[in-house]
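Structure assessment
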Amino acid sequence: MTDAEIYGYTEELIKRAGIFDASFLTGFVEALSEHPDIKKEYIYYLEHGSFNCAYTIEGCSVADIIIWQMDNFKALLDNAEAQNKGNPYKMTLLGFDTMMKMADDPGTYIAKMRATTGTDYLGKF
């Protein structure tokens, strides 16, 4: 898959996700070029519509990150106004975005994933 195709598919996912920040698109695609293993995982997702999970950071795949994000922010997801609720495109993009940030700073993200669990209500922690 060419970089232009990745850009085009990502642009469509961002529209479907309801992310209106144009800088997210360019930043996301640029970050993919800096993380070739994550880029491979992303291309697999684009081509197959599922997660390969072959690449991990300290044992965490993109699917693990998405599940953690859903669990960690379940109080927000339960809110009828939640933007992520029922929006697999946004959850997927944010999962890959977090994975790229995690690749740059694994200790911080692993600590968060191991230390926090979901909340039953906003402001619990």
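As shown above, the structure is provided for reference.
Quick look at the structure, then. By convention here, each chain's residues receive numbers from 1 onward along its written sequence. The model is predicted, so local features are restricted to residues of pLDDT at least 70 and side-chain atom pairs to those at 80 or more, both for listing and for counting; the totals for chains, interfaces and linings are taken over all residues. Water and hydrogen atoms play no part in the side-chain values, which are based on all heavy atoms of the structure.

Moving on to helix α1 (residues 3–17). Here a strand is any run of E in DSSP of at least two residues, a helix any run of H or I of at least four, and the numbering for each starts at the N terminus. Here, expected helix span is obtained from the residue count minus one, scaled by 1.5 Å. The terminal C-alpha atoms of α1 lie 20 Å apart, and with 15 residues this matches the ideal 21 Å at 1.5 Å per residue to within 8%. All buried positions along α1 are accounted for by Ile6, Thr10, Leu13, Ile14 and Ala17. The buried residues of α1 occupy one face: seen down the axis, they fall within an arc of 100°. Seen from the buried face of α1, the exposed residues on the opposite side, beyond 90 degrees, are Ala4 and Lys15. Contacts made by the buried residues of α1 are with α2 (22–34), α3 (36–48) and α6 (88–104). Directly after α1, the chain includes Gly18, whose backbone phi takes a positive value near 80°. The buried label applies to any residue whose accessible area, calculated with a 1.4 Å probe on protein chains only, is under 20% of its type's maximum; exposed applies above 50%, and partly exposed to all values in between. Directions from the helix axis toward the C-beta atoms define the arc. The contact rule is simple, with two residues in contact once any of their heavy atoms fall within 4.5 Å.

Summarising the element assignment, Asn87 is placed in the loop between α5 (74–78) and α6. Assessed through its relative accessible area of 11%, Asn87 is described here as buried. One polar contact links the side chain of Asn87 to the main-chain amide nitrogen of Lys90, over a distance of 3.0 Å. What qualifies as a polar contact is a pair of N or O atoms within 3.5 Å, subject to a donor-acceptor requirement within protein and to the restriction that residues adjacent in sequence count only when both atoms come from side chains.

To pair, rings of Phe, Tyr and Trp, with the six-membered ring standing in for Trp, must have centres within 6.5 Å; the planes then decide the type, stacked if under 30 degrees apart, edge-to-face if over 60, and tilted in the middle. Evaluation of the coordinates by the stated rule reveals 6 aromatic pairs. The interplanar angle of 15° and the centroid separation of 5.2 Å between the aromatic rings of Tyr45 and Phe51 together place this pair among those described as stacked. Phe51 sits in the partly exposed class, given a relative accessible area of 30%. Working rule: Lys NZ or Arg CZ, within 6 Å of ring centre, within 35 degrees of ring normal, means a charge sits over the ring. Lying across the ring of Tyr109, Lys112 places its NZ or CZ 5.4 Å from the centre.

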